[in-house]
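One-letter residues, chain by chain:
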Amino acid sequence: MKTNDLTRARLRFFLALGASGALAQAACGSRSGTLDLVTTGSGGSGALGGSSSSGGASSGGSPATGGTPATGGTVATGGVPATGGSAGAPSCDFGTPAEQCYSLQYLEDMINSGGPFGGDAPDPPVELTECPAYSEVQNDCCNPAISGPTTQGELCCYVFCEGGCCGRPLVLSGKVCVASVIERDDWCVDALDAIAIPVDAATREALARAWQEDAAMEHASIASFAHFTLELLAHAAPADLVSAAQQAALDEVEHARLCFALASRLSTAPLGPGGLELPAMQPFRPLADVAAAALRDGAVNETIAAMLARAQLEQCRDEGTRLALSRIAEDETAHAELAWRFLRWALAAGGRDVRSAIEAATREALAHVSVAAVPEGIDPDGWHAYGRLTVDEERDVAETTVRDVIEPCLRVLLAEPKLDEATAAPTPQTPVV
């Protein structure tokens, strides 16, 4: 990933946050001013709880950096056999099985807050003395655990289906919503050329699966932005934020079509989404909860997604894939910018409650940044040619983005002075007739 890409993104987000020259300079200054909210390790911000290579034994994956078990940081995880591996191995309809580990305190805080994406909080709060059941646990890429727990020292370890974390996840009433993938040809763009760079069968199958997973996540992001639009309207947000959220939903339609086209080119049949099963809409959420979700899903995940797409583009040699990644990289940057703009407005409108929610969400989001797993036995050159990165490459992009873009922007965001009551946004109330 080019340094210029990071610099341009950081400056773009600074402008969205309305940072003054002095404040921007301070935010990009010495690393001794690292954001206090983030538990840092040597050379990196937070614990990047990346998935290890799957389909192999427990030696997969490089260690996570930064973070400590005492603060809930994810530790190094070994590979978990992929579908078709050893007997009894967990399987995934989407993504690849991978293990992540958390402290009891982190899991207790997650459950008592209603989960990382805002489900129903237990009443009375739970007090954990042992690892909870896997059905109660999600990771920060909105993936529910599919097995566990096992233990590593004092940590509780679970297996998650790790796949793309691109776009905004759709989470309603605590449930992650993703459509199935079916055979259909009306969700594929026509502009992508036929596959031109030869790859072996195993690599081709893995590439098709990876782009299929991304397509399903991008498709769910359409509904996620529609939901975000409703929440903006409920909180009397400015028209420019509502308009940008609507445009983002339209962008995600195109992203889904591009990703389904890439998956179809690498598969034996055209692919598209099935019906998206939606649970009952969750009740009205306070502005603080909406801001916490926007911090995780937009300011962190979409900022990283934008930089990952640019890094993928650098490695990619297939022209059709380059066309798709160019569009996705630019749009994801705009979506991340929207998240930073919304957070600035929400902080001014909601005051202390929103600030506290953003600070708490920051600690969680940067302590557990996830990256996607990569199957073993693939050709690295073919993997790169069609726009995919290795685990170590994704982790490096995520670490660098957190350090050079997200942390400086958070310092700017949380240093912004609050607007007074005369300029703060109105809260929803009974309409005037």
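Residues numbered from 1 in each chain as written. Predicted model: local features only at pLDDT ≥ 70, side-chain atom pairs only at ≥ 80, totals over all residues. Heavy atoms only, no water.

### Focus: the packing of aromatic side chains
Okay, step 1: Scanning the model with the defined rule gives four aromatic pairs in all.
Okay, step 2: Plain terms: the ring middles of Phe13 and Trp340 are 6.3 Å apart, the flat faces sit at 35 degrees to each other, and that makes the pair tilted. Here Phe13, found in helix H1 (residues 3-16), pairs with Trp340, found in helix H7 (residues 319-350); they are 327 residues apart in sequence, far enough to count as distant.
Okay, step 3: On the accessibility criterion, Phe13 (1% relative accessible area) is buried.
Okay, step 4: A relative accessible area of 0% means that Trp340 is categorised as buried.
Okay, step 5: When the ring of Phe342 is compared with that of Trp345, the centres are 6.0 Å apart and the planes differ by 40 degrees; the resulting orientation is tilted. Residue Phe342 and its partner Trp345 are located together in helix H7, separated by three residues, close to a single helical turn.
Okay, step 6: Look at Phe342 and you get buried, because its relative accessible area is 1%.
Okay, step 7: In this structure an aromatic cluster arises from ring pairing among Phe228, Phe342 and Trp345.
Okay, step 8: Residue placement shows Arg388 over the ring face of Trp211; its charged tip is 4.5 Å from the ring centre. (Phe/Tyr/Trp six-rings, centres within 6.5 Å; stacked < 30°, edge-to-face > 60°. Helix = DSSP H or I, 4+ residues; strand = E, 2+ residues; numbered from the N terminus. Buried < 20%, exposed > 50% of the residue type's maximum accessible area, 1.4 Å probe, protein only. Lys NZ or Arg CZ within 6 Å of the ring centre and 35° of its normal.)

### As for the nonpolar core
Okay, step 1: Among the nonpolar cores identified, the biggest contains 91 residues, and Leu295, Trp340, Phe342, Leu343 and Ile358 are the most heavily contacted of them.
Okay, step 2: Counting residues per element, the ones that place at least two in this core are H1, helix H4 (201-234), helix H5 (239-266), helix H6 (287-315), H7, helix H8 (352-367), helix H9 (380-385) and helix H10 (391-415).
Okay, step 3: Of the residues forming this core, the biggest block, 16 residues, is contributed by H6.
Okay, step 4: Dropping the residues within four chain positions of it, Phe342 is found in contact with Phe228, Leu232, Leu241, Leu287, Val290, Ala291 and Ala294. (Core = buried A, V, L, I, M, F, W, Y, C linked by side-chain atoms within 4.5 Å. Contact = heavy atoms within 4.5 Å.)

### Some remarks on the packing of H5 against H7
Between two packed helices, the angle of one axis relative to the other and the distance separating the axes together describe the packing.
Okay, step 1: Between H5 and H7, whose axes approach to 10 Å, the crossing angle comes to 155 degrees. Here H5 is positioned roughly antiparallel relative to H7, judged by the angle of their axes. Remark: the crossing between H5 and H7 carries left-handed chirality.
Okay, step 2: Grouping the constituent residues of the contact of H5 with H7 by class yields twelve nonpolar, four polar and nine charged. (Axes fitted to C-alpha atoms, helices over the stretch in contact; angles between N-to-C directions. Parallel < 35°, antiparallel > 145°, perpendicular 65-115°, else oblique. Left-handed = near helix turned anticlockwise from the far one by under 90°. Nonpolar A, V, L, I, M, F, W, Y, C, P; charged D, E, K, R; others polar.)

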